[in-house]
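Observations on the model geometry
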Amino acid sequence: RAARAFRDHPSLSKVLVVCTVSGGGLAAFSDSKPFQIAHADAGQGDCKKKKVVVLGTGWATTSFLKNLNNPNYDVQVVSPRNYFAFTPLLPSVTNGTVEARSIVEPIRTIVRKKPYVKFEEAECYKIDEKAKKVYCRSSQDTNLAGQEEFTLDYDILVVAIGARPNTFNTPGVEEHAHFLKEVEDAQKLRRSVIDCFERASLPSVSEEEKKKILHFVVVGGGPTGVEFAAEIHDFATEDIAKLYPTVKDFVQITLLEAGDHILNMFDKRITAFAEEKFQRDGINVKTGSMVVKLSDTGISTKERTTGEVSTIPYGMVLWSTGIGTRPVIMNFMKQIGQANRRVLATDEWLRVENCDNVYALGDCATINQRKVMADISAIFRKADKNDTGKLNLKEFHEVMGDICERYPQVDIYLKKNKMKSIADLLKKAQDPNSQSIEIDIEKFKKALAEVDSQMKNLPATAQVAAQQGEYLAKCFNRMEQCEMFPEGPLRMRGEGRHRFHPFRYRHLGQFAPLGGEQTAAELYDWVFYGYSSQWLWYSVYASKLISWRTRVLVVSDWIRRFIFGRDSSRI
Ligand code: FAD
């Protein structure tokens, strides 16, 4: 009642109303936090708080924690890494353009103003969905090396543990290749690159050996592989040429890609520009070339068209061919009947399918968009049977429900592709006042088949993960208000059957740095490449860094590199 009085009479807003509620707690209402529950008795109060266990400290969870603003949750974060890493700048760390510490922020600093968030440096090795427990052990990378074990109970579980590099079980990759996923990987790569130059400079090393040692091979023509190849080329031409003049001419960079082109997720103009630029720079791009084996002496590839297998010697290999599932997620998927999937399937509210109160976001999950097509197909199978070209609206409503709201991608795709009439039809079908709808089933089916082929999973990017984290935090911030006041403020009632709007991804664009102060950028429908986009890249990435501290450090690293060049000490 007090809360309602508050809402209805804003003049009361400076008064603090404190009243007892059943269970011995206290409900406090002030102007800033009108619906917050404050607990008089810590023990009892804590019982009322929902326990939220959050797994991971990556893009998804950091964005979730930054945006979470609800002390009525008891939040426990578990991750083997006690910091957040700004992954888009990892390739810059591999050659010393940026220092590793400049791109990380301790998680305890991020949540220091949120006493209801606690952090445990540990890894979760098992999730028990039935018992609502997670099993954890101290991080393998610390001096405790997995010796300390504990379990945590949860009311709500947020899983955002990302992914691991995918080797596709290619023999020798685990043993001989480098990966670029974590800060440690970037630091190891940096040391290995310098090692190669130092080894090649030894007087006892033959020319043949020098060539081999300084052959850098990148497997995978995605943005990470391309950026690493560009970084190493810049390092070799801008710094190595001065520091290791005797070996500079032996440097060779090869980029192997199994598909027809590098950067195939970008606009064709960008792909062409990147391939031409790499050719000009002397980076050997081999497309249609699949790596079948890696040994300590050579990398074996099979040509896709001819099937010919050949082996080339190398000094260092970076494996960057995409991401795979972490064992703990595989085990969890088996428990919940998702064993045949690659990542956790969620609905558009990021709730894991077949689970209660478990949310998954970021690289370890995907929104199961394909389900909508199955739903729609079911309607059309029915419509096909009666062969009238008219659909029974009741049936249509039953299956479609809030389809346009749930699956904005369908709506957006139809509009974008000038199929507005169909999008309108979907909307009309949702209108409870419509009596019947008449459609050209063949045309509609064709359009939907096209939508189906276009509906891809959201990309595994920081952009998606961060937006999902922010979305989930906003839902959590408002969850309690919705439960306490179901009739509640208009803005929260929303439409359709659900309390919150589903997650909607806004694609803001993507960059591919190509070296030599040139970057390719795709922003909305515009494509840029060249020197001017590099400045855009600098400004966007500087602005996206998580804190002022990291921003200052990264910008000063860039300036240092411009003035003094990259640091080649092997530390
Ligand atoms: P992550 O950020 O990977 O975080 C996972 C977290 O889970 C980590 O803290 C990890 O320590 C923790 N964890 C792991 N195992 C466990 C466990 N068992 N228990 C508890 N915690 C665990 N995306 C872009 O949009 N733009 C870019 O320019 C871009 N560049 C990239 C460059 C590189 C080199 C890489 C590797 C990735 C890049 N990405 C980029 C992709 C982006 O980094 C990922 O999509 C993003 O990190 C996914 O966020 P996440 O929160 O799902 O996982």
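To start, this report covers the structure provided alongside it.

Basis of the calculations
Residues numbered from 1 in each chain as written. Predicted model: local features only at pLDDT ≥ 70, side-chain atom pairs only at ≥ 80, totals over all residues. Heavy atoms only, no water. Helix = DSSP H or I, 4+ residues; strand = E, 2+ residues; numbered from the N terminus. Contact = heavy atoms within 4.5 Å. Expected span 1.5 Å × (residues − 1). Buried < 20%, exposed > 50% of the residue type's maximum accessible area, 1.4 Å probe, protein only. Near = heavy atom within 4 Å. Polar contact = N/O pair within 3.5 Å; in protein donor to acceptor, adjacent residues only side chain to side chain. Areas by Shrake-Rupley, 256 points an atom, 1.4 Å probe, with all protein chains shown as cover. Nonpolar A, V, L, I, M, F, W, Y, C, P; charged D, E, K, R; others polar. Core = buried A, V, L, I, M, F, W, Y, C linked by side-chain atoms within 4.5 Å. Salt bridge = Lys/Arg side-chain N within 4 Å of Asp/Glu carboxyl O. Pairing = 2+ DSSP bridges. Axes fitted to C-alpha atoms, helices over the stretch in contact; angles between N-to-C directions. Phe/Tyr/Trp six-rings, centres within 6.5 Å; stacked < 30°, edge-to-face > 60°. Lys NZ or Arg CZ within 6 Å of the ring centre and 35° of its normal. Patch = residues over 30% accessible without salt bridge, like charges linked within 9 Å, V, L, I, M, F, W, Y side chains within 5 Å.

Examining the environment of Lys-51
- Looking at where Lys-51 falls in the secondary structure, it is placed in strand S4 (residues 50-55).
- Separated by 188 residues in the primary sequence, Lys-51 and Asp-239 place their C-alpha atoms 52 Å from one another.
- The contact partners of Lys-51, leaving out residues within four places of it in the chain, are Asp-74, Asp-153, Tyr-154, Asp-155 and Ile-156.

A short note on helix H20 (residues 531-544)
- Spanning 14 residues, H20 covers 20 Å between terminal C-alpha atoms, matching the ideal 20 Å at 1.5 Å per step.
- All of the buried residues in H20 are Ser-533, Gln-534, Trp-537, Tyr-538, Tyr-541 and Ala-542.
- At its buried positions, H20 is contacted by helix H4 (90-93), helix H9 (223-243), strand S26 (510-515), strand S27 (518-523), strand S28 (526-530) and helix H21 (548-564).

Concerning the site of the ligand
- The local shell around the ligand holds 31 residues, among which Thr-57, Ala-60, Thr-87, Cys-124 and Asp-363 are the closest.
- The contact in question runs from an oxygen atom of the ligand to an N or O atom on the backbone of Thr-461, over 3.4 Å.
- Considering the ligand on its own, with 990 Å² of exposed area, one finds that the protein chains cover 90% of that surface.
- Of all the secondary-structure elements, those providing two or more residues to the shell around the ligand are helix H3 (59-67), strand S5 (73-79), H4, strand S8 (117-128) and helix H18 (462-484).
- If you tally residues by element for the shell around the ligand, the top one is H18, at three residues.
- Grouping the constituent residues of the shell around the ligand by class yields 16 nonpolar, 10 polar and five charged.

Concerning the nonpolar core
- Grouped together as the largest cluster of nonpolar side chains are 100 residues, with contacts concentrated most on Phe-64, Val-75, Leu-89, Ile-103, Leu-214, Phe-476 and Trp-558.
- Leave out the neighbours within four places in its chain, and Phe-64 touches Val-54, Val-158, Gly-469, Glu-470, Leu-472, Ala-473 and Phe-476.
- Listed in part, the 25 residues of the second largest apolar core include Val-78, Ile-329, Ile-336 and Leu-344.

Examining unusual backbone geometry
- A positive phi angle, close to 55 degrees, is found at Lys-132, a residue other than glycine.
- Positive phi outside glycine occurs at Leu-350, with the angle close to 70 degrees.
- Mapping Leu-350 onto the fold places it in the loop between strand S21 (344-346) and strand S22 (358-360).

Considerations on the pattern of salt bridges
- For the structure shown, the criterion picks out 19 salt bridges.
- Note that Asp-260 and Arg-304 form a salt bridge whose closest N and O atoms lie 2.7 Å from each other. Note that Asp-260 is positioned in the loop between strand S14 (252-257) and helix H10 (268-281) and Arg-304 in the loop between strand S17 (298-303) and strand S18 (309-313), a separation of 44 residues in sequence.
- Here the salt bridges share partners, and the residues they tie into one network are Glu-238, Asp-239, Glu-517, Arg-561 and Arg-566.

Details of the sheet that holds strand S13 (residues 215-219)
- As summarised here, the arrangement of the four strands in space is S15-S14-S13-S19, forming an open sheet in which the pairing is parallel. Every interior strand has two partners, whereas the edge strands, strand S15 (284-287) and strand S19 (316-319), have only one. Each strand of the sheet is rotated relative to its neighbour by a mean of 15 degrees, with strand direction disregarded.
- Summarising the sheet, S13 and S14 pair through five bridges and their orientation is parallel. Note on S14: the bridge partner recorded for Val-217 is Thr-254.
- Lying on the sheet, H9 is in contact with S13, S14 and S19; it crosses S14 at an angle near 175 degrees.

Focus on the packing of aromatic side chains
- What the rule picks out here adds up to 19 aromatic pairs.
- Between Tyr-125 and Tyr-135 the ring centres are 6.3 Å apart and the planes differ by 55 degrees, which places this aromatic pair in the tilted class. With Tyr-125 in strand S8 and Tyr-135 in strand S9 (residues 133-138), this pair connects stretches of sequence that are 10 residues apart.
- On the basis of relative accessible area, Tyr-125 is assigned to the partly exposed category, the value being 27%.
- Ring pairs connect the aromatic residues Trp-59, Phe-84, Phe-86, Phe-511, Trp-535, Trp-537, Tyr-538, Tyr-541, Trp-558 and Phe-562, which therefore count as one cluster.
- Over the face of the ring belonging to Tyr-135 we find Lys-126, whose NZ or CZ atom lies 5.0 Å from the ring centre.
- Note that Arg-561 overlies the ring of Phe-562, its terminal NZ or CZ placed 4.9 Å from the centroid.

A few points about a nonpolar patch on the surface
- Residues Trp-535, Val-555, Ile-559, Phe-562, Ile-563 and Phe-564 make up a contiguous nonpolar surface patch of about 680 Å² in total accessible area.
- Among the elements that take part in the nonpolar patch, H21 stands out by supplying five residues, more than any other.
- Among the structural elements, Phe-564 can be located in helix H21.
- Note on Phe-564: relative accessible area 68%, which makes it exposed.

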